[in-house]
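Structural characterization, general
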Amino acid sequence: MKLTQKQKTFVEDLLKRMTLEEKIGQMNQESPSIVGGFDVPFSELIEMLTDGRLSQEEFEKILSTAKQDYHEEDIRAGRVGSVMGQDPRKANELQKIAMEESRLGIPLIIGFDVIHGLRSVYPIAIAEACSFDDSLFEETARMAARESRAHGINWNFAPMIDAARDSRWGRVSEGPGEDPCLGSHFARAKIRGLQNDRSSVRNYVAACTKHYVAYGACESGRDYNTTSMSVSNLYNVYLPAFRAAMDEGAATVMAAFNDLNGIPCTVNRWLLRDVLKGEMGLEGFVVSDANAIRECVAHGIAEDDRDAGIQAAIAGMDMDMGTHIYKDLLQAEVEKGTVPMAVVDEAVRRILSVKVWLGLFDDPYVPEADIEAYEKGLPAEHIALCRRAAEESMVLLKNEGDLLPLSRKQKISLVGRLADMADEVCGAWAMAWKKEDCVSVRAGLEAAGADVQYYPCGGPEGELDEEEIARACTEGDVIVAVVGETDAMSGEASSRADTGLPGRQRELLERLLRSGKPVVTVLMNGRPLALRWEAEQLPAILEAWHLGIRMGDAVAAALLGDVSPSGKLASSFPAVTGQCPVYYNHPSTGRPGSRSKFTSRYLDAPWDALFPFGHGLSYTSFAYSGLRVGETADSLEIALTLKNSGGREGTEVVQLYTQDVAASLVRPVKELKDYLRVSLAAGEEREIRFVLPKSDLGFYDNTGAYRLEDGLFRISVGGSSRDTLEQEIRLQF
Ligand code: GLC
């Protein structure tokens, strides 16, 4: 986010004309308060919806009956800088009040959680990341930006880029998985997609990279829990995606709820001022997470709201989401000198800069034509993009005897409640989809011309239906079982201490297997699941996540062979929950896990992931050969031959890993450094090349300094983190 000199001058002139109350007003974000049916902030209601405490129907009923307070009076008085919302006509109303009825006419920045699409919902991030397709990441973000603006939203609380290694944590679903390299590619592409098409104010929004930082390292995978780690771990694993986002010009950042090494991110001056605004050069502003300033009292770092507000402002927290602490208490502290005016001026300068950069002073309104267009339906190209994203995000985990793809001649017994639940396909953090746009697996198979009969049998909750199971096992040639999690079982406040298939779904699968009919399992879930029994017993497993509005079409296309799965896991799957956190880029230890007793292993479970990072099968096969590693002054040149050795076209994600074999800090046994999606016809072979800057082979030490150390390196290339060709090279920098 870069301002022109003219824009900078405009901001400075405006700042000079503002009263202290108006300045603090810019630092205040309001959510519509639902009064009457519920008296909670709107963001809490949204959370209740997303985590399943409220059904979609209950939510809509509350909204229809309850009155909503949009804080018009405070906006008129200049005490509100931002609101949350998704209704375009209401957004126009509030912008009109801000622009025409407040003293200085400062427009509102209107934010919403558009994590993986607004109306045209595409796969949850953990799924989309499995595509390893940077151009897709960017295209879907650009679509989300356009739909946001058409709904009055000019600020997306996205991308969520928290590295996460522990699938007990429900928010694994929202981010790009365990790896800092893939996470950095994802972050860059999302920022480009959200922010870079500035051909019209209709096409871009301010991004809000979150949650800064290390939220995914919450102890025991329990949401909001404490995080602690070395500086080198923070810099090598959790900061890279944010550094990449800053390099790409992300306009805003949201601080995380958790404390890091004892200091909540919300009031962590080192993180906010020294690292984020200093080292990484954030040009825009930092917003707290919902209610997070007040929660510093519960954290035990502040005695009361006033103390929390002072600490947050001084630490560099520019905007307060939802507590009113800045609005109600900060003015007195500035007047007393507890909080310097310079702190307020810096925060307001940053906020106004983003508003100017968004073009809001010139045109904050949504044209009526845009509003009516979306009332009529979704753009065809958006629907097509959602489908393509869904097709690329599926991962074929297992396919014994090439049971998949099925033929349209086979009579399919489709089993499992999730198969018929169109309102479960979008997953966590999708609140604006319309059911008529959503395609269930059942509807997708029927539309694709499969000979399919649906039997509910049972799902993530509730009992099994023995009769339906018996019918399913009798009537079909092949059984397709859709099992997994509801959208409420992942996302915020949805950690699970047992990440196996919920409810009686494993029992269901056991019954189906006993029929002797071939069983294809489709997983519909928001996190890596612990699947030891399933991986041993089930012949074919397709990981389909929560793929968004066109999930049914994509799953049907994969099951029937119209598309070949090409996804690779962005997050390792454990055999049992007790392995969590489990991830591929781990240090070796002095006794690397093996069958020998005195090594880093378990008595009752494998020491390594069930399905590792980067794993994913295809309906064809790929052969890797001829790995060659060359060196120029400042880069490595890696080449190899990839052949499609199977009987049909397919796409492979070729992955490049390195290992710093001996360094001044122990380093991971493998680190992803680059990847390439390659599509080949049957029998086709191609030379694949990577150019890897030598500067990418370093690491951060415990002072936060980046180190490039001479020594031996292993270069690996393959179709997963576990199955690679390898060469060694000694380097001097
Ligand atoms: C939530 C989430 C955050 C979201 C915010 C606003 O608590 O942690 O990701 O953007 O509130 O809804």
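Scoring rules and cut-offs
- Residues numbered from 1 in each chain as written.
- Predicted model: local features only at pLDDT ≥ 70, side-chain atom pairs only at ≥ 80, totals over all residues.
- Heavy atoms only, no water.
- Domains from an automatic or database assignment.
- Contact = heavy atoms within 4.5 Å.
- Buried area = accessible area lost by both parts, 1.4 Å probe.
- Phe/Tyr/Trp six-rings, centres within 6.5 Å; stacked < 30°, edge-to-face > 60°.
- Helix = DSSP H or I, 4+ residues; strand = E, 2+ residues; numbered from the N terminus.
- Buried < 20%, exposed > 50% of the residue type's maximum accessible area, 1.4 Å probe, protein only.
- Lys NZ or Arg CZ within 6 Å of the ring centre and 35° of its normal.
- Axes fitted to C-alpha atoms, helices over the stretch in contact; angles between N-to-C directions.
- Parallel < 35°, antiparallel > 145°, perpendicular 65-115°, else oblique.
- Left-handed = near helix turned anticlockwise from the far one by under 90°.
- Nonpolar A, V, L, I, M, F, W, Y, C, P; charged D, E, K, R; others polar.
- Near = heavy atom within 4 Å.
- Polar contact = N/O pair within 3.5 Å; in protein donor to acceptor, adjacent residues only side chain to side chain.
- Areas by Shrake-Rupley, 256 points an atom, 1.4 Å probe, with all protein chains shown as cover.
- 1 Å grid on protein atoms, 1.4 Å probe; cavity = no way out; pocket = protein on both sides within 12 Å on 5 of 7 lines; lining within 4 Å.
- Sits in = over half its atoms within 2 Å of the grid points.
- Pairing = 2+ DSSP bridges.
- Salt bridge = Lys/Arg side-chain N within 4 Å of Asp/Glu carboxyl O.

**A look at the domain arrangement of the chain**
Put simply, an interface is often sized by how much accessible area is lost when its parts join up. What the domain assignment lists for the chain is domain 1 (5-371), domain 2 (381-575) and domain 3 (622-731). The gap between the C-alpha centroids of domain 1 and domain 3 is 36 Å. Across the boundary between the two partners, domain 1 contributes 15 residues, which contact 14 residues of domain 3. Sorting the residues of domain 1 by area buried against domain 3 places Phe132, Cys181 and Asn236 first, and these three jointly supply 42% of that buried surface.

**Description of the packing of aromatic side chains**
In the structure shown here, the tally under the stated rule is 19 aromatic pairs. With centroids separated by 4.9 Å and ring planes inclined at 75°, the aromatic side chains of Phe10 and Phe361 adopt a geometry described as edge-to-face. Of the two residues, Phe10 sits in helix H1 (residues 5-17) while Phe361 sits in the loop between helix H16 (341-357) and helix H17 (368-376), which places them 351 residues apart along the sequence. Note on Tyr212 and Phe242: the rings are 5.3 Å apart at their centroids and 70° apart in plane angle, and the pair reads as edge-to-face. One end of the pair, Tyr212, is in strand E7 (residues 208-212); the other, Phe242, is in helix H11 (residues 240-247), and 30 residues separate them in sequence. Relative accessible area serves as the criterion here: at 0%, Tyr212 is assigned to the buried category. Here the aromatic cluster, defined as three or more aromatic residues joined through ring pairs, consists of Phe132, Tyr584, Phe613, Tyr657 and Tyr675. Looking at Arg165, its charged tip hangs above the ring of Tyr583, at a distance of 3.7 Å from the centre. Sitting over the ring of Phe598, Lys597 keeps its end group 5.8 Å from the ring centre.

**What about the packing of helix H9 (residues 180-195) against H11?**
One can describe the packing of H9 onto H11 by two numbers: an axis separation of 8 Å at closest approach and a directional angle of 25°. Looking at the two axes, H9 sits roughly parallel to H11. The chirality of how H9 crosses H11 is right-handed. Taking contact as the criterion, the partners of Pro180, Gly183, Ser184, Ala187, Arg188 and Ile191 in H9 are, on H11, Pro240, Ala241, Ala244, Ala245 and Asp247. Broken down by class, the residue content of the contact of H9 with H11 amounts to 7 nonpolar, 2 polar and 2 charged.

**A closer look at the site of the ligand**
In the region of the ligand, 13 residues are neighbours, and Glu47, Asp113, Arg171, His211 and Asp289 sit closest. Take His211: an N or O atom from its side chain is 2.6 Å from an oxygen atom of the ligand. When the ligand is considered free in solution it has 310 Å² of accessible area, and contact with the protein chains removes 100% of it. In this structure the site holding the ligand corresponds to the largest cavity. Taken together, the residues of the shell around the ligand break down into 6 nonpolar, 1 polar and 6 charged.

**A look at the sheet that holds strand E14 (residues 411-415)**
If you trace the 6 strands from one edge of the open sheet to the other, you get E13-E18-E17-E16-E14-E15, paired in mixed fashion. In the strand order of this sheet, the two ends are held by strand E13 (395-399) and strand E15 (451-455), each with one partner. Sheet twist, expressed as the average angle between the axes of neighbouring strands with direction ignored, equals 20°. Bridge count for strand E17 (residues 519-524) against strand E18 (residues 540-543) is 4 bridges, and the pairing is parallel. Directly across from Thr521, in E18, lies its bridge partner Ile541. Helix-sheet contacts for helix H23 (residues 551-559) involve strand E16 (478-484), E17 and E18, and the interaxial angle to E17 is about 150°.

**Digging into the pattern of salt bridges**
Using the criterion set out here, one finds 67 salt bridges in the structure. With a closest N to O distance of 3.1 Å, Glu333 and Lys336 form a salt bridge. Of the two residues, Glu333 and Lys336 both sit in helix H15 (residues 325-336), 3 residues apart, roughly one turn of that helix. Owing to a relative accessible area of 4%, Glu333 belongs among the buried residues under this scheme.

**Structural notes on the sheet that holds strand E23 (residues 685-693)**
Read across the sheet, 3 strands follow the order E19-E20-E23 without closing on themselves; strand pairing throughout is antiparallel. Every other strand in the sheet has two partners, leaving strand E19 (622-631) and E23 as the edge strands with one partner each. Neighbour to neighbour, the strand axes of the sheet diverge by 20° on average, direction disregarded. Relative to strand E20 (residues 635-644), E19 is paired through 8 bridges, and the arrangement is antiparallel. Bridged to Ser625 within E20 is Thr641.

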